[in-house]
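# Results of the structural survey
Here's the letter readout for the chains.
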Amino acid sequence: MAYENLLKSVEESAGEREQELRTRARVAVRAILEEAEARAKDLQQSSLDEAKKAALIERNKLMYLTKIEEKKQLITRKEAIFSQAISTAEQHLLSIRTDPAYPEIFKKLAREASGAMGTGKCHVYVDKRDEQISLDMLAGLNLSAVVIPDLTTAGGLVITNPDETVTISNTVESRLERIKERRKLEIYTILFGG
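Here is a short report on the structure shown in this document. Just so you know, the residues in each chain are numbered from 1, in the order the chain's sequence is written. Selection of residues for local features in this predicted model requires a pLDDT of at least 70, selection of side-chain atom pairs for listing and counting requires 80 or more, and totals for whole chains, interfaces and linings are taken over all residues. Side-chain numbers come from the whole structure's heavy atoms, not from hydrogens or water.

## Notes on the nonpolar core
By size, the foremost hydrophobic cluster in this structure holds 22 residues, and its most contacted members are Phe106, Val124, Val126, Leu157, Ile159 and Val172. Secondary structure elements with two or more residues in this core: α1 (2-94), α2 (102-117), β1 (122-127), α3 (131-141), β3 (156-160) and α4 (172-192). We count a stretch as a helix when DSSP gives it H or I for four or more residues in a row; a strand needs E for two or more, and each element gets its number in order from the N terminus. With 6 residues, the single largest contributor to this core is α2. Apart from the residues within four sequence positions on either side, phenylalanine 106 is in contact with Val126, Asp130, Ile133, Ser134, Met137, Gly156 and Leu157. In plain words, nonpolar cores are sets of buried Ala, Val, Leu, Ile, Met, Phe, Trp, Tyr and Cys residues tied together by side-chain atoms within 4.5 Å. In this scheme, a residue with accessible area under 20% of its type's maximum is buried, one over 50% is exposed, and one in between is partly exposed, where area comes from a 1.4 Å probe on protein chains only. We call two residues in contact whenever any of their non-hydrogen atoms come within 4.5 Å of each other.

Here's what the structure looks like:
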C-alpha cells in the first residue's frame, strides 16, 4: 500500500505541477497577446499618423498649386482686359485729330514736353497735319523753336535741343508705350513679387 500511496502522492504532485504549469502558460500566453495587441495598436497609430501627415502635405501641395493656377488665370484675364483697353485706346487715338479738343490736347502735350526741355532754342518735330497747330501753339507759348514737319504720328510732338543730345517724345504712340511698360512692370510685380 505504501507503494500505492507513493504513486498516488506522485500523481497528485504531478497533477498540481501540471496545473501550475498550465496556469503559468495561460498567464504567459495572455501577456504575449496583450503585448502583441499593444504593439499592433502602436503600429496602427503610427501608420495612421503617417497617413494623416502625408494627406496634409498633399492637401497643402494641392492648395498651393491651385492658388498659383488661380493667380495665373487672374493675371491672364487682367492682361486680356488691359490689351483690349489699349487696343480700344489706340483705335480711338488714331482718330484724335478729328476730335474738336485736339488743339487743346496738342497744346498740353507741347507744354509738358517744352517744360521738360527747359528754356532755350529747340526743334519741334510734328506730323505735317499738325504744322499749323504747332506754329500757333508755339507763338502762344513764347518758345524759340523751329518746327520741322517730318514726323509721322497719330498726334503729339517730339522736342529736341538744337544739337539733338536731348530728345523728349510726347506723341500719342510714345505715351501709349509708356503706359504699356508701366503695366508690364505691375504684372511682373504680381508674378514675381517685389
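## A short note on the pattern of salt bridges
Take a side-chain nitrogen of Lys or Arg and a carboxyl oxygen of Asp or Glu: if they are within 4 Å of each other, that pair is a salt bridge. Overall, the coordinates contain 7 salt bridges when judged by the stated rule. In this structure, arginine 97 and aspartate 127 form a salt bridge, with 3.7 Å as the shortest nitrogen-oxygen distance. A residue pair is termed long-range when its members are at least 10 positions apart, and arginine 97 in the loop between α1 and α2 and aspartate 127 in strand β1 qualify at 30 residues. Given the relative accessible area of 6%, aspartate 127 is considered buried. Within this structure, Arg97, Asp127, Arg129 and Asp130 form a network of salt bridges that share partners.

## With respect to the sheet that holds β3
Strand pairs in the sheet, formed through backbone hydrogen bonds, run parallel or antiparallel to each other. Spatially, β2-β1-β3-β4 is the arrangement adopted by the 4 strands of the open sheet, whose pairing is mixed. Strands at the two margins of the open sheet, each flanked by one partner only, are β2 (145-151) and β4 (167-171). For this sheet, the mean angle separating the axes of adjacent strands, direction not counted, is 20°. Strand pairing follows a simple DSSP-based rule, namely that at least 2 bridges must link the two strands. The pairing of β1 with β2 spans 5 bridges and is parallel. Paired with tyrosine 125 across the bridge in β2 is isoleucine 148. To get an axis, a line is fitted to the C-alpha atoms, and for a helix only the part in contact is used. The angle between two axes follows their N-to-C directions and goes from 0 to 180 degrees. Its contacts with the sheet put α2 on β1, β3 and β4, and the angle it makes with β3 is roughly 20°. Docked against the sheet, α3 engages β1 and β2, running at close to 165° with respect to β2.

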